[in-house]
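As a plain string of letters, each chain reads:
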Amino acid sequence: MKALVYTGTEELTYKDFINPTLIKDESIIKVSASGICGSDMHAYHGKDERRVPPLILGHEISGIIEEGSQKGKKVVLNPLITCGNCDYCNSGSEHLCSKRVLLGMNRPIERQGGFAELVSVPDKNIYELPNDLEMKKAPIAEPTAVSLHAVELFEKSLLKPIKDQKILVIGGGAIGLICALILEKVKKCKSVILSEPNESRRNTCSKNLKSQCLKPHDPEVENNSFDLIFDTVGLEITRQNAIKLANPGATIIHIGLTQPAGIFDFRKATLQEITFIGTYCYTNNDFAKTLEILNNKQIGDLNWIEFRDLSKGSEAFKQIHDGTCSSPKIILIP
Ligand SMILES: [Zn+2]
Ligand SMILES: [Zn+2]
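Quick summary incoming for the structure in this document. All figures in this text were calculated on a predicted structure; none of them were measured in a lab.

**Describing the coordination of the zinc ion (ligand 2)**
When a metal carries six donors in an octahedron, the ideal angles between them are 90 or 180 degrees, while four donors in a tetrahedron ideally lie at 109.5 degrees.
Then comes step 1: In this structure, Cys83 (SG), Cys86 (SG), Cys89 (SG) and Cys97 (SG) serve as the protein donors to the zinc ion (ligand 2), at separations of 2.3 to 2.4 Å.
Then comes step 2: Because the angles between the four donor atoms bound to the zinc ion (ligand 2) fall within 104 to 115°, the donor set is best described as tetrahedral.
Then comes step 3: Here cysteine 83 falls in the partly exposed class, since its relative accessible area comes to 26%.

Encoded structure:
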């Protein structure tokens, strides 16, 4: 098969790759579409010890079952593979399983990803494509599940309903935009601001949201304060902004994985009782719920997604890297 292979830091090569072979309780999917995720970019920059070249990246995948018990079925993949046996897996928190692994990772276990014509996946990770969700847009289910999980994780611990919170979303990439869409359209929040430094991305977000989309240093952002802040970027500077702009008793939801450490105002966090929540992936339940949300068009028509040919994937990565791509999500089509 043809695949877009991560062959070295900032290097992707479109080339022949060995076909996956069918193993017990798994199916082989003919990939129809596969989205580029922020974490694929992280790997591309050589900064993810779980993704080491040579490797096929990509875990936001839709396609048709090519080999397996349900041959011919149109599907969306939940790329988070878990043991199914531990306390976390048995209590609906599969995403915290100590044996978890994503498609498109090769440490500790090899799992080739979706930037290819074929990919192998356990049957239990396969979801039927909902009727009203377009196959080529369906990879958006994965980042939408991440966003839904992040929004709902904190919702349980809130003192007042989420719709009445003053909310800041930091970052206008796919996760930031989808979080804001869920907050506006699904959770009916009245006060949401999104901050994003890149002008073309900010404009894309503006076109798709009712919320104000502003520069991080806009006075509307800087002179404001918030009850709930989503850091979808995860840089030292964005965490510092988050804590600076937090109201007493506020919650910071940390989703971004860009910079692992740095200075943070723990004194304010203590004195003002700021809750800091890390969030990763989604449960199986979140994934199923996400497909329903997308099928019902609850977060809109998704026309902000851009499509490229898989063979041109290397250029797409370069453009995301340079910041010259205005779309928050590029989906590659084999
Ligand atoms: Zn992803
Ligand atoms: Zn487990």
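**What to know about the pairing of strand β12 (residues 191-195)**
Then comes step 1: By the criterion of burial, β12 is predominantly enclosed, with four of the five residues buried.
Then comes step 2: Where strand β11 (residues 166-170) and β12 come together, five bridges link them in parallel fashion. Bridging from a neighbouring strand, leucine 168 pairs with isoleucine 193 of β12.
Then comes step 3: Handedness of the β-α-β unit built from β11, helix α4 (residues 174-186) and β12 comes out right-handed.
Then comes step 4: Bridge count between β12 and strand β13 (residues 212-214): three bridges; the pairing is parallel. Bridging across to β13, leucine 194 finds its partner in cysteine 213.

**What to know about the environment of alanine 3**
Then comes step 1: Looking at the secondary structure, you find alanine 3 in strand β1 (residues 2-8).
Then comes step 2: With relative accessibility at 0%, the residue alanine 3 sits in the buried group.
Then comes step 3: Residues alanine 3 and glycine 313, spaced 310 residues apart in sequence, show a C-alpha to C-alpha distance of 9.9 Å.
Then comes step 4: Setting aside anything within four residues of it in sequence, one finds alanine 3 in contact with Thr13, Tyr14, Lys15, Phe17, Ile56, Phe115 and Ala116.

**A few points about the pattern of salt bridges**
Then comes step 1: Tallying each qualifying case throughout the model produces 14 salt bridges.
Then comes step 2: Linking glutamate 134 and lysine 137 is a salt bridge whose minimum nitrogen-to-oxygen distance equals 3.5 Å.
Then comes step 3: In this structure, glutamate 152 and lysine 289 form a salt bridge, with 2.8 Å as the shortest nitrogen-oxygen distance. With glutamate 152 in helix α3 (residues 141-155) and lysine 289 in helix α9 (residues 284-295), the pair connects residues that are 137 residues apart, well separated along the chain.
Then comes step 4: Classification of glutamate 152 as buried rests on a relative accessible area of 15%.

**Considering the sheet that holds β1**
Then comes step 1: Overall, antiparallel pairing links the three strands, which are arranged β2-β1-β4 in an open sheet. Each edge of the open sheet is held by one strand with a lone partner, namely β2 (11-16) and β4 (55-56).
Then comes step 2: When β1 meets β2, the two strands line up antiparallel, connected through six bridges. Each bridged residue has a counterpart across the sheet, and for lysine 2 the counterpart in β2 is aspartate 16.

**Topic: helix α10 (residues 313-322)**
Then comes step 1: Every buried residue belonging to α10 is among Gly313, Ser314, Ala316 and Phe317, and all of these are buried. One side of α10 carries all its buried residues, which in axial view fall inside an arc of 160°.
Then comes step 2: Residues of α10 that are buried in the fold lie against β1, β2, α1 (38-44), β17 (305-309) and β18 (329-333).
Then comes step 3: Just downstream of α10, glycine 323 is the residue with a positive phi angle, here 75°.

**Some details on the nonpolar core**
Then comes step 1: Leu77, Ile162, Ile167, Leu183 and Phe230 are the most contacted members of the largest nonpolar core, which has 64 residues in total.
Then comes step 2: Top contributing element to this core by residue count: α4, with eight residues.
Then comes step 3: The two domains that each donate at least three residues to this core are domain 1 (2-129 + 304-333) and domain 2 (145-278).
Then comes step 4: Sequence-distant contacts of phenylalanine 230, defined by excluding residues within four places in its chain, comprise Ala150, Val151, Phe154, Ile167, Leu168, Val169, Ile170, Cys179, Leu183, Ile253 and Ile255.
Then comes step 5: Listed in part, the 23 residues of the second largest apolar core include Ala3, Leu12, Phe115 and Phe317.

Conventions used here
- Residues numbered from 1 in each chain as written.
- Chains lettered and ligands numbered in written order.
- Predicted model: local features only at pLDDT ≥ 70, side-chain atom pairs only at ≥ 80, totals over all residues.
- Heavy atoms only, no water.
- Donors = N, O, S within 2.8 Å, 3.2 Å for Na, K, Ca; no water.
- Tetrahedral: all angles 85-135°; square planar, octahedral: opposite > 155°, others 65-115°.
- Buried < 20%, exposed > 50% of the residue type's maximum accessible area, 1.4 Å probe, protein only.
- Helix = DSSP H or I, 4+ residues; strand = E, 2+ residues; numbered from the N terminus.
- Pairing = 2+ DSSP bridges.
- Right-handed = clockwise from strand over helix to strand, strands pointing away.
- Contact = heavy atoms within 4.5 Å.
- Salt bridge = Lys/Arg side-chain N within 4 Å of Asp/Glu carboxyl O.
- Arc of directions from axis to C-beta.
- Core = buried A, V, L, I, M, F, W, Y, C linked by side-chain atoms within 4.5 Å.
- Domains from an automatic or database assignment.

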